[in-house]
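What follows is the residue order along each chain.
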Amino acid sequence: MLKRLALCLLLASPAFAVQPDEVLPDPAMEARARQISQVLRCPVCQGENIDESNAEVSRDLRLLVRERLVAGDTDSQVLDYITDRYGEYVLFEPEKTGANLILYYLGPVALLIAMGGAFVYLRGRRREDGPGTGLSAEEEARLKELMKDEPGK
Amino acid sequence: MIAELGHFALILAFCVAIVQGLVPLIGAHKNWRGWMAVADPAASAQFLLVALSFGALTYSFVTSDFSLQLVFSNSHTDKPMLYKVSGVWGNHEGSMLLWVLILALFGAAAAWFGGALPPRLRARVLAVQAWIGAAFLGFILFTSNPFTRLAEPPFNGQDLNPLLQDPGLAFHPPFLYLGYVGLSMAFSFAVAALIEGRVDAAWARWVRPWTLAAWIFLTIGIALGSWWAYYELGWGGFWFWDPVENASFMPWLLAAALLHSAIVVEKREALKSWTILLAIMAFGFSLIGTFIVRSGVITSVHSFANDPERGIFILAILAFFVGGALTLYAARASSMQAKGVFSMVSRETALVINNILLAVSALVVFVGTVWPLVAEMAWGRKLSVGAPFFEKAFTPFMIILAILLPIGAMMPWKRAKLGKLVRPLVPALVLALACAGLAWTFETGRSLLALVSSGLGAWLVFGALAEIWQRAGRTPARILRLPRADWGKCTAHSGLGIVFAGIGLLMAGQVEDIRVAQIGEPFEVSGYAITLESVEQFDGPNYVSTTGTLKVERDGKLITVLHPEKRSYPVQAMPTTEADIDNGFLRDIYLVIGDKQANGGWAVRTYIKPFANWIWAGCLMMAFGGLLSLTDRRYRVAAGARRTATNAVPAE
C-alpha cells in the first residue's frame, strides 16, 4: 500500500478520499455510490479503489458515478458507462467473459480435482496391505482388525 | 571505514556460504566426518559476518553518514532514533540485508541446537541453507550493494517515506522476514531429506517446530501490517488484497497447511511426499513473494525497486531453487514409503481436507494475484483483480474450513465413528447458533455476513473448548494438566474463530460519516454526539501537524476526547493522516481530520467500527497458540531424540 499511496499523494493535493461536498443528499443513493466506488480502480494509483484514492481523477470518477446515479442509472448501467470510457482496467472484479472464466472457475475446479485425488489416495491407504509395504507384525494385526470392521467395502 | 568493513564482511560471508554449501554436501555423500563437520562453524561464521555487516549499516544510519548513498536517500538528521534504526530496512538494499541476516540466523540456530540431528542430515540441511544464503548474498553484492559511497556527501538526507515512520511499520518487516525466511528451514530439511531419500517421524518432528516458528512470525507480521493500515491510512481498511499483501498471505496459508500435514508424518508416517512438496512450495511462495515485491512486476506500492535487473536475478534464484527442488522431488518422491493405514473417517482424512482447503485457497490467491500479468501477456487484456474478486473467490473456502474444523479436530487417529464424535459438539453448535441469532438481531437486520461470520466464529471457539473438555475426560481437574500442545491447538483455533467473527461483524456493521464540522457545533453519528472543540497547528521533530480536538459524548456522558492529526513532512513534501481511535471491546470510534473548508469548518470523518480489535486479538491468539505448542514439553525434552521407525506410532 505504501508507494501507491505515496504516488497518489504526490499527484494530488493533500485531500483525502471522499470529500464532504461530494456526498449526495439522499443517503440511499449515496450508499449505492459508495458501493460502486469500491469496485472501481483509481486509474493512476497502484491498486486503490476510487473511494479511498486521493487522486484528482478519482474525484472526477466519484462525481461521475454520482451524476449517473442522479440521472437515474442502475448500478450496472453506471459500471458499464464507466467501463466504456475507461476500459476494463478500472474494474476490480474483471468481467466474466472469455479467458477470465479460467480465473473464476479455477478455484472450484481445483477443489473438486483435489477432493477426487484425495478420495482415491485415502481409499488406497485403507486397502494397502500386501507384503512389501514394510508393515510390522503389529501393524499387520491392526490392519486386519480394521478390515474386519468394514466388511462391506 | 565502518561501511567498508561492513562491505568486506558481506563478501567474506558470501565466500563462507559457498564453502558451507559445498564441503559438507560432499562430506555427507562420501561419509567423511571431517568434511561434514565444516558445516557447524561455517554456519556460525556466516551469521557473525552478516551480523557485522548489518551492524555496520545500522551504525551508518544511526550516525547519519550521508556519504553512503543509501543513508542519504532514506534518512535525515531530524528523524527520531527509532526510525533511523528502522530506516535500515525501510529500503530495498537494507531489507535484503535483513533478509540474509535472518537466513543466516536460522542456519546458525540449526547448527547450535541441532546437536541431536543425525550428522549427515544436519550437514545436508546446513549445506542447502548455505546455498540459499549464497544466492541472496550474491544478489546483494552484485545488484544491490547497500554500502555504495557518494563522491560528494551532501549535508543532509532525503528522509524516510513518512508513512514508514511509524512504530507498527518499524517492526512489520522484521517479523514478516522471520516468517518468510523461517520457511527456508522447512525447505532445507525437505531437500536434505530428498537427497537422503528418507523421511520418517524424526524428520517431521524436526521440521514442525521450525515451520511453527515461521508461521508464528508470519502471523504477527501480517497482523502488524494490517493493524498499521487500519490506523495509518485514514479510512480504517485492514486488508486490501494488494499483490504484496497476497505475497505474504500465500506462504502463511501454505505454512499452516504444512504444520498440519507434518503432524500426520510425525504421528502416522503417511502423507510424506505431500509434506515434502508443501515444504518446497511454502518457501517457493516466499521467494515468489520476494520476487513480486522486488521486481515490481506486478506494480505495487511496496516495491522499493522497480528494477528489471534485480527482478531477473531473483527470478533466476527462484527458478534454481524451486525448479531444482521439484526436479529432485520428481526423481525421489516415489521412494517415500508411507506406512500408516487409516480409514476414510479419521483424523488423517480431516487433515488431508484441511490441506486441500488451504492449498486450493492459496492457489486462488496466487492466480488472482498474477492474473493481470497473465491476461496482459497472453491476450493483451489490461485488467485488474482486486478486493471484490478475492472476497468472493476466497471466502467460500474459509467458510467450509470453519464448518469442518471443530469436527476434524475432534477426530481420533486411524478411524472414527462420526455419530459418537459429534455428540460432544452439540452444545458448541447450540451456542454458535445462538450467537448467530444474536448478531442477526443486533446488526441492523441487513447482513447475512454478520450472521454467518459470528455463527462460524462462535462454532470455532466453542468447538475448541468442547474439544479441550473432552480431551480432559470431562474432568475439570485434568484440564490444567493437559499438554501445552492441546492448549496451543485450542487457542489457535479459537483465535481463528475470533478473527472470522471480527472481520464479518466489522464489515457488516461499520458506520461512516463524512461532513464539514463547525467548531463548537455537535453532530451525531449512530448515537454518539461529537463536537469539534478546536484545531491547532504545531511543529513535530520533522513534520508540521494540524491537530483537532474532538469530544465524543453519549447520552450526555463524556466518552473520550480524541486528537486526530494531519501531518505534513516538508523534506519528503508529503502529508499523512494520523487518525485517533478510541479502542473498545465492542467498537472503535475512529476520527480523522481533513482540510479546512471555505466556510470556516473542517472536514471530519467519523467511523464507528464494531469489533475491529477482535481481528488483531484473534491473530495474537493464533500466534500465542503456536507459541504454546512450540513450548510443549515434547519439543523441549525430546526434540531431535532419534526415534526409529518401529516405535513411531504413538497410541494417541
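Worth saying up front: this structure is predicted, and the values here are computed from it rather than measured.

Enquirer: Requested: an account of the overall build of chain A, with residues and values cited.
Expert: Counting its secondary structure elements, chain A contains six helices and zero strands. Tracing chain A from N to C terminus, the helices and strands come up as α-α-α-α-α-α. Here chain A holds 153 residues, and the buried ones make up 34% of them. If you take every contact in chain A between residues at least 6 apart in sequence, the share linking residues at least 24 apart comes to 55%.

Enquirer: Got a sec to walk through the overall build of chain B? Specific residues and values, please.
Expert: Along chain B, the regular secondary structure elements total 21 helices and ten strands. For chain B, the C-alpha radius of gyration of 26 Å lies close to 26 Å, the compact-globule estimate for 652 residues. Overall, the C-alpha framework of chain B stretches about 85 × 75 × 55 Å when taken along its three principal axes. Per-residue burial for chain B yields a buried fraction of 56% across its 652 residues. Long-range contacts, defined here as pairs at least 24 residues apart, represent 75% of the contacts in chain B between residues at least 6 apart.

Enquirer: Tell me about the domain arrangement of chain B, and please be specific about residues and values.
Expert: Often, the extent of an interface is quoted as the loss of accessible area upon association of its parts. All names here are of chain B. The domain architecture assigned to chain B consists of domain 1 (1-160) and domain 2 (512-612). The centre of domain 1, based on its C-alpha atoms, is set 44 Å off from the matching centre of domain 2. On the side of domain 2, five residues touch domain 1, which itself brings six residues to the contact. Counted by class, the side of domain 1 that touches domain 2 contains one nonpolar, two polar and three charged residues.

Enquirer: Before we move on, could you go through the pairing of strand E6 (residues 565-569) of chain B and cite the residues and values that matter?
Expert: Each regular strand shows side chains that alternate between the opposite faces of the sheet. Residues and elements named next belong to chain B. In this structure, strand E4 (residues 544-554) lies alongside E6, joined through four bridges in antiparallel fashion. Bridging from a neighbouring strand, Thr547 pairs with Glu565 of E6. Of the strand pairs in this sheet, E6 and strand E7 (residues 574-578) are connected by five bridges, and their pairing is antiparallel. Looking across to E7, one finds that Ser568 is bridged to Pro575. The turn linking E6 back onto E7 is made up of four residues, and Ala573 within it adopts a positive phi angle of 50 degrees.

Enquirer: Describe the sheet that holds strand E9 (residues 587-596) of chain B, listing the residues and the values that go with them.
Expert: Residue and element names in this part refer to chain B. Spatial ordering of the open sheet is given by E1-E10-E9-E8, a layout of four strands whose pairing is antiparallel. In the strand order of this sheet, the two ends are held by strand E1 (511-517) and strand E8 (580-582), each with one partner. Between one strand axis and the next, the sheet turns through 20 degrees on average, direction left out of account. With eight bridges joining them, E9 and strand E10 (residues 602-610) adopt antiparallel strand pairing. Bridge pairing in E10 places Tyr590 opposite Tyr607.

Enquirer: Could you give me a rundown of the packing of helix H3 (residues 39-62) of chain B against helix H7 (residues 119-143) of chain B, with the residues and numbers involved?
Expert: Residues and elements named next belong to chain B. Taken N-terminus to C-terminus, the directions of H3 and H7 make an angle of 30 degrees; their axes are 10 Å apart at the nearest point. Classed by the angle they form, the pair H3 and H7 counts as roughly parallel. The way H3 lies across H7 gives a crossing that is left-handed. Only Arg122, Ala123, Leu126, Ala127, Ala130 and Gly133 of H7 make contact with H3, whose side of the interface consists of Ala39, Ala43 and Gln46.

Enquirer: I'd love a proper account of the nonpolar core, names of residues and values included.
Expert: Residues and elements named next belong to chain B. Of all hydrophobic cores here, the largest spans 242 residues; its most connected members are Val100, Ala186, Phe189, Leu254, Ala255, Ala279 and Ala282. Take this core: its biggest share by element is 22 residues, from helix H9 (residues 201-232). Every residue in contact with Ala282, bar those within four places of it in the chain, is listed here: Leu183, Ala186, Pro251, Leu254, Ala255 and Leu258.

Enquirer: Describe unusual backbone geometry, with residues and values.
Expert: All names here are of chain B. Here the phi dihedral of Leu271 falls at roughly 60 degrees; this positive angle occurs in a residue that is not glycine. Among the secondary structure elements, Leu271 is positioned in the loop between helix H10 (243-268) and helix H11 (272-295). One non-glycine residue, Arg474, adopts positive backbone phi at about 55 degrees. If you trace the backbone, Arg474 turns up in the loop between helix H17 (448-471) and helix H18 (476-479).

Enquirer: Please give an account of the pairing of strand E5 (residues 557-562) of chain B that cites residues and values.
Expert: Residues and elements named next belong to chain B. Summarising the sheet, E4 and E5 pair through five bridges and their orientation is antiparallel. Looking across to E5, one finds that Glu553 is bridged to Leu558. What sits between the antiparallel neighbours E4 and E5 is a turn of two residues, in which Asp555 has the positive phi angle 50 degrees.

Enquirer: So, the packing of helix H6 (residues 92-113) of chain B against helix H8 (residues 167-196) of chain B: which residues are in play, and what are the values?
Expert: All names here are of chain B. Following both chains from N to C, one finds H6 and H8 inclined at 45 degrees, their axes separated by 9 Å at the closest point. The pairing of H6 with H8 is recorded here as oblique in orientation. Between H6 and H8 the crossing geometry is right-handed. For the pair formed by H6 and H8, the contact residues are Ser95, Leu98, Trp99, Ile102, Leu103, Phe106 and Ala110 on the first element and Pro173, Pro174, Tyr177, Leu178, Val181, Gly182, Ser184 and Met185 on the second. In the contact of H6 with H8, the residues fall into twelve nonpolar, three polar and no charged.

Enquirer: Any chance you could break down helix H16 (residues 426-442) of chain B for me, citing the residues and the numbers?
Expert: Residues and elements named next belong to chain B. With 17 residues, H16 should cover 24 Å at 1.5 Å per step; its first-to-last C-alpha distance of 24 Å lies within 8% of that length. Listed as buried for H16 are Ala428, Ala432, Cys435, Ala436 and Ala439. For H16, the angular spread of buried residues about the axis comes to 100 degrees, placing them on one side. Exposed positions of H16 whose direction lies more than 90 degrees from the buried face are Val426, Val430 and Thr441.

Enquirer: Could you give an account of helix H4 (residues 75-86) of chain A, naming the residues involved and the relevant values?
Expert: All names here are of chain A. Taking 1.5 Å of rise per residue, twelve residues should cover 16 Å, and H4 covers 17 Å from first to last C-alpha, within 8% of that figure. Residues Val78, Leu79 and Ile82 constitute the buried set of H4. Taken end-on, H4 shows its buried residues confined to a sector of 95 degrees, consistent with a single buried face. With respect to the buried face of H4, the exposed residues turned more than 90 degrees away are Ser76 and Asp84. Turning to H4, the residues buried within the fold contact helix H2 (27-37) and helix H3 (56-70).

Enquirer: So what about the environment of Leu68 of chain B? Which residues, and what values?
Expert: All names here are of chain B. Along the polypeptide, Leu68 turns up in the loop between H3 and helix H4 (69-74). Take Leu68: there are 26 C-beta atoms within 10 Å of it, and that puts it in the buried class. Here the alpha-carbon distance between Leu68 and Ala517, two residues 449 residues apart in the chain, equals 47 Å. The contacts of Leu68, once residues within four sequence positions are left out, are Ala3, Ser60, Phe147 and Arg149.

Enquirer: How would you sum up the confidence of the model for chain B? Please name residues and give values.
Expert: Residue-level pLDDT values for chain B average 86, and 94% of them are 70 or greater. Low pLDDT (under 50) marks residues 637-652 of chain B, which in the prediction has 22 contacts with non-local residues, meaning those over four places away or in another chain.

Calculation rules
- Residues numbered from 1 in each chain as written.
- Chains lettered and ligands numbered in written order.
- Predicted model: local features only at pLDDT ≥ 70, side-chain atom pairs only at ≥ 80, totals over all residues.
- Helix = DSSP H or I, 4+ residues; strand = E, 2+ residues; numbered from the N terminus.
- Buried ≥ 20, exposed ≤ 12 C-beta atoms within 10 Å, placed from the backbone.
- Contact = placed C-beta atoms within 7 Å.
- Rg over C-alpha atoms; globule rule 2.2 N^0.38 Å.
- Domains from an automatic or database assignment.
- Nonpolar A, V, L, I, M, F, W, Y, C, P; charged D, E, K, R; others polar.
- Pairing = 2+ DSSP bridges.
- Axes fitted to C-alpha atoms, helices over the stretch in contact; angles between N-to-C directions.
- Parallel < 35°, antiparallel > 145°, perpendicular 65-115°, else oblique.
- Left-handed = near helix turned anticlockwise from the far one by under 90°.
- Core = buried A, V, L, I, M, F, W, Y, C linked by C-beta atoms within 7 Å.
- Expected span 1.5 Å × (residues − 1).
- Arc of directions from axis to C-beta.
- pLDDT = per-residue confidence, 0-100.

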